[in-house]
Amino acid sequence: MRLLHTSDWHLGRAFHRVNMLGAQAEFIGHLVTTVRERAVDAVVVSGDVYDRAVPPLAAVELFDDALHRLADLGVPTVMISGNHDSARRLGVGAGLIGRAGIHLRTEPAAAGTPVVLADAHGDVAFYGLPYLEPALVKGEFGVEKAGHETVLAAAMDRVRADLATRPPGTRSVVLAHAFVTGGEPSDSERDITVGGVAAVPAGVFDGVDYVALGHLHGCQTLTDRVRYSGSPLPYSFSEAAHRKSMWLVDLAADGSVEAERVDCPVPRALVRIRGTLEDLLADPALARHEGAWVEATLTDPVRPADPMARLAERFPHTLSLVFDPDRDEDESEVSYARRLAGRSDQQIAEDFVAHVRGTGPDPHEQGVLRDAFDAVRADETVREVAR
């Protein structure tokens, strides 16, 4: 059975204020063409179909168009909700849409209930594990500790239990939206840390033939059987080195996997450049980047006048400007933004405690802070879904 694995469409998302809807529509067209020309038997979409719980109308219309085009091809599609989606909204009409071969899996309770498709070699069971917010689903899975690993492990126990009841030789595919250990994140993914831990081990998924992951925006192979497709378009400059693609996966009769990357159309290259303003404006080696989306980091000791306007004369698609002066300076003079860069909410709070009290929080206090941040994040998720 030939699968096309994709995820993280983020329909409705902009890139540094650039409307990406046209590029997203082009990707949908490319997806449909790939399904048709490469004789794909099933499409799997591993979450974050939309960029937010209440997407703009234009994004909903594009999703509707994608569903119609996939259904017209007669190729089954299995989709799960991600942490950016409203699972309840995405799942509206799932039973009816399923009759057209578009199978939406947004309910955690259905983790052990597969979509079963067949080829010449027998059945393939597709298990959709939507994004599992630990604080919200721990009751469903009967776990005491709300953590990503515990709820995913409980969901996978249901998968393996159901698979054990299937005829011998039944192959299995799991769709999941999670941060799996070994994956390389980028700046454009929403933090899903719980209890100070975001990642779960790949071993959680043992016992199935292929795991189609979503959440991380870079295409990655964790094992031959566990892969991220990544997002089809870039959504931050941290993805400048990404090759945007989908996985074309051939699942053999014995469950073995062969995978090929299928490149996605990207509207414009991304590049990060660094140097003084005058050097960036004069360096002939940078001519190849004049048509790219640019993030420029200026190292001038003193901030130059009108830097964005001057950069735009040579690099008209400059979208981000960062100042990182090459000079000796005390930590007290470093900007607030630079001091916080790359630090988690937990680390910032612990630093604040140390600054005010003269000593950092003890292990018990660290736990209190973690619980507080987890509670706030879970509450924000509930309120966003309820909008």
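Residues numbered from 1 in each chain as written. Predicted model: local features only at pLDDT ≥ 70, side-chain atom pairs only at ≥ 80, totals over all residues. Heavy atoms only, no water.

Per an unreviewed UniProt entry, the protein chain goes by the name Nuclease SbcCD subunit D and belongs to Streptomyces indiaensis. UniProt lists a comment for the protein chain under the heading Sequence similarities (unreviewed entry), and it reads "Belongs to the SbcD family." For the record of the protein chain, the UniProt heading Subunit (unreviewed entry) holds the text "Heterodimer of SbcC and SbcD." (UniProt positions renumbered as here; feature names shortened; annotations may be inferred.)

> A description of helix H5 (residues 134–141) should follow, citing residues and the corresponding values.
Of all the positions in H5, only Pro134, Val137 and Phe141 are classed as buried. Relative to the axis of H5, the buried residues are bounded by an arc of 85 degrees and lie together on one face. Looking at the buried side of H5, the elements it contacts are helix H6 (148–164). Following H5 by one or two positions, Gly142 has its phi on the positive side, about 65 degrees. (Buried < 20%, exposed > 50% of the residue type's maximum accessible area, 1.4 Å probe, protein only. Helix = DSSP H or I, 4+ residues; strand = E, 2+ residues; numbered from the N terminus. Arc of directions from axis to C-beta. Contact = heavy atoms within 4.5 Å.)

> Explain the packing of H5 against H6 to me, and be specific about the residues and the numbers.
Remark: H5 packs on H6, axes separated minimally by 10 Å, with the N-to-C direction vectors making an angle of 40 degrees. On the basis of the axis angle, H5 is oblique to H6. Read as a crossing pair, H5 and H6 show a hand that is left-handed. Residues Pro134, Val137, Lys138, Glu140 and Phe141 of H5 touch H6, and the partners they reach there are His148, Val151, Ala154, Ala155 and Arg158. Split into classes, the residues belonging to the contact of H5 with H6 amount to 6 nonpolar, 1 polar and 3 charged. (Axes fitted to C-alpha atoms, helices over the stretch in contact; angles between N-to-C directions. Parallel < 35°, antiparallel > 145°, perpendicular 65-115°, else oblique. Left-handed = near helix turned anticlockwise from the far one by under 90°. Nonpolar A, V, L, I, M, F, W, Y, C, P; charged D, E, K, R; others polar.)

> Before we move on, can you summarise unusual backbone geometry with the specific residues and values?
A positive phi is found at Asp8, a non-glycine position, where the angle reads about 55 degrees. Considering the arrangement of structural elements, one finds Asp8 in the loop between strand E1 (2–6) and strand E2 (14–15). A positive phi angle is found at Ala39, which is not glycine, with a value near 55 degrees. For Ala39, the location among the structural elements is in the loop between helix H1 (21–37) and strand E4 (42–46). A residue is classified by how much of its surface remains accessible, and Ala39, at 52% relative accessible area, is exposed.

> Account for the nonpolar core, with residues named and values stated.
By size, the foremost hydrophobic cluster in this structure holds 32 residues, and its most contacted members are Leu129, Phe141, Leu152, Met156, Val174, Phe205 and Leu213. Looking at this core, the element that brings in the most residues is H6, giving 7 residues. Setting aside anything within four residues of it in sequence, one finds Met156 in contact with Leu129, Val174, Val204, Phe205, Asp206 and Val208. If you look at the next biggest cluster of nonpolar residues, it comprises 28 residues, including Leu31, Ala66, Leu67 and Ile102. (Core = buried A, V, L, I, M, F, W, Y, C linked by side-chain atoms within 4.5 Å.)

> An account of the sheet that holds strand E17 (residues 270–275) is needed here, citing residue identities and associated values.
Taken together, 3 strands build an open sheet; the order of strands is E17-E18-E19 and the sheet is parallel. The sheet terminates laterally at E17 and strand E19 (318–323), the two strands that pair on one side only. Ignoring strand direction, the axes of neighbouring strands in this sheet form an average angle of 15 degrees. Direction of pairing for strand E18 (residues 293–298) relative to E19: parallel, over a ladder of 5 bridges. Bridge pairing in E19 links Thr297 to Val322. Contacting E18 and E19, helix H8 (residues 307–314) runs over the sheet at an angle of about 135 degrees to E19. (Pairing = 2+ DSSP bridges.)

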